[in-house]
Amino acid sequence: MSKRYRKTWVEVNLGHIYDNYTQIKDICQKEVIPVIKANAYGHGAVEVADYLIEKGIRCFAVSLLEEALEIREKHPDVDILVMGVISADDLTVVSKQKITFTVSQKSLYDAMKSFNGPLKCHIKVDTGMHRLGFINPHDVVALFDDAHDESHIVLEGIYTHFATSDSDRFYLEQQVQKFKDLLDNLKIKPKMVHVSNTSATLKYEKQFIFTTHVRVGIGLFGLSLEKESYGLKNTFKLNSTIVEEKTLQPGDKLGYSITYEAKEKEKIGVLPIGYADGIIRKNQNGFVSINNTPYPIVGRICMDQMFVKIPDDVTIDETVTIMGDDIVTIDDVAERLDTITYEVLCQITYRVPRTYTNRK
Ligand SMILES: Cc1ncc(COP(=O)(O)O)c(C=O)c1O
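Residues numbered from 1 in each chain as written. Predicted model: local features only at pLDDT ≥ 70, side-chain atom pairs only at ≥ 80, totals over all residues. Heavy atoms only, no water.

Asker: What is the right way to look at the overall build of the protein chain in this model?
Answerer: What the protein chain contains, in helices and strands, is eleven helices and 19 strands. With the principal axes as the frame, the protein chain shows a C-alpha extent of 80 × 45 × 40 Å. The buried share of the protein chain, reckoned over its 360 residues, is 53%. Taking all contacts inside the protein chain whose residues are at least 6 apart in sequence as the whole, residues at least 24 apart take part in 65%. Of the charged side chains in the protein chain, 44 are positive and 50 negative, and the gap between their average positions amounts to 2 Å. (Helix = DSSP H or I, 4+ residues; strand = E, 2+ residues; numbered from the N terminus. Buried < 20%, exposed > 50% of the residue type's maximum accessible area, 1.4 Å probe, protein only. Contact = heavy atoms within 4.5 Å. Lys, Arg positive; Asp, Glu negative; His and termini not counted. Charge placed at Lys NZ, Arg CZ, Asp CG, Glu CD.)

Asker: Honestly, empty space enclosed by the protein in this entry has me stumped. Any pointers?
Answerer: Any empty space left between atoms is shown by rolling a water-sized probe over those atoms. Summed over all chains, the structure comprises two cavities of 30 Å³ or more. Along its surface, the largest cavity is lined by K124, V125, D126, T127, G128, M129, H130, R131, L132, T160, H161 and Q175. Classifying every residue of the lining of the largest cavity gives three nonpolar, six polar and three charged. Estimates place the volume of the second largest cavity at around 30 Å³. Around the second largest cavity, the lining residues are C59, F60, D79, I80, L81, T100, H122, E156 and M192. Of all the secondary-structure elements, those providing two or more residues to the lining of the second largest cavity are β3 (59-62) and β4 (79-82). No other element matches β4, which puts three residues into the lining of the second largest cavity. Residues that form the lining of the second largest cavity fall into these classes: five nonpolar, two polar and two charged. (1 Å grid on protein atoms, 1.4 Å probe; cavity = no way out; pocket = protein on both sides within 12 Å on 5 of 7 lines; lining within 4 Å. Points joined across faces, edges and corners; volume = space filled by probe spheres on them. Nonpolar A, V, L, I, M, F, W, Y, C, P; charged D, E, K, R; others polar.)

Asker: What's the story with the domain arrangement of the protein chain in this structure? I'm lost.
Answerer: Taken domain by domain, the protein chain consists of domain 1 (14-221) and domain 2 (236-357). Between the C-alpha centres of domain 1 and domain 2 there is a distance of 38 Å. At the junction of the two partners, domain 1 supplies nine residues and domain 2 supplies eight residues. A buried area of about 860 Å², summed over both sides, lies between domain 1 and domain 2, and 63% of it is on carbon and sulfur atoms. Area buried by domain 1 at its contact with domain 2 is led by Y41, H43 and I218, which between them contribute 52% of it. Counting across the domain 1 and domain 2 interface gives zero salt bridges. At the surface where domain 1 touches domain 2, the tally comes to three residue pairs in polar contact (both at pLDDT 80 or more). Going through the elements one at a time, α1 (14-28) and α2 (37-42) are the ones with two or more residues in the side of domain 1 that touches domain 2. Per-element tally for the side of domain 1 that touches domain 2: the top contributor is α2, with three residues. The residue makeup of the side of domain 1 that touches domain 2, split by class, is four nonpolar, four polar and one charged. (Domains from an automatic or database assignment. Buried area = accessible area lost by both parts, 1.4 Å probe. Salt bridge = Lys/Arg side-chain N within 4 Å of Asp/Glu carboxyl O. Polar contact = N/O pair within 3.5 Å; in protein donor to acceptor, adjacent residues only side chain to side chain.)

Asker: Explain the side chain of N239 to me, please; I cannot follow it from the model alone.
Answerer: Along the chain, N239 turns up in strand β10 (residues 236-241). Engagement of the side chain of N239 in a polar contact is seen with the side chain of T321, the distance being 2.9 Å. The residues contacting N239, other than those within four sequence positions of it, are K7, T8, W9, E11, T319, V320, T321 and I322.

In structure tokens, the structure reads:
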């Protein structure tokens, strides 16, 4: 790693990512495909892949072709599934780089038929999310029949994605039924059949006897929309440091637009992290954690700095956890921002260096 100057960093606990992987595998009793799109949900896709590959994991899913190629550069032999849409123009690169891709439209399949080179793909079926995939099951059955004669095309997998794995079970069951009906109509079942994300994996996967794999993202990172814990561990901690301190007298104002005014003599710590790092201004009035105690975020969050009200015994060079310990969890921050943990993790920008611990 190049030298790190700034005193703000993410601590990624690699050992916990692997523990979460094995825990989820134990719960669902299926092969787990780690979903490491969006820079492994902010953890660093290459570093997470490197570690999981060291642990023997051979198959990953990402969203973009760029994300797949980044992994491929270092790992010539692992399977990488692109879950987003690729275009006919991308067939040359996926074929050459042995990237497995998703086919969700007939037009791409038609282009594949006339392509000169090996292609490996999974067929995406839209059973109710209405995002990507074939809606009409007859089109899928016809495609599988047709591909039988195309020796350069391997239909390795078939999958769908749930719209309500964390909410409406009835709707999910309708999606499951549509998918199972379609599978029943396929003459030959592909090698890989998968439907569940983290939430569905934890809650329902054991009942799905028609699947072979699950696609797990947020659960690897110890988070899930389920409030039950399932024994998953924290993997992401965002830290900063007090780099300057100010003593305010009663009536002194703080920061842009002077939104905060000291009521009494108060000590303020300045942290080198701001909205350009993903700590958006809506975090004002939230909390950080110092020595396992919560302290309030005060004043406007700036692009590169933010303020925390601190006691007398906290001083320059003290480490401050912005999120990811037991005092300020990522769930707490998601709740504060009225969003989901996925968005909180993805918001932490490239400016914040990621460091890796617990490589066991
Ligand atoms: C198609 C697909 N499969 C699997 C996942 C993984 O979902 P989760 O992070 O909830 O496990 C995602 C993430 O959004 C996805 O889009």
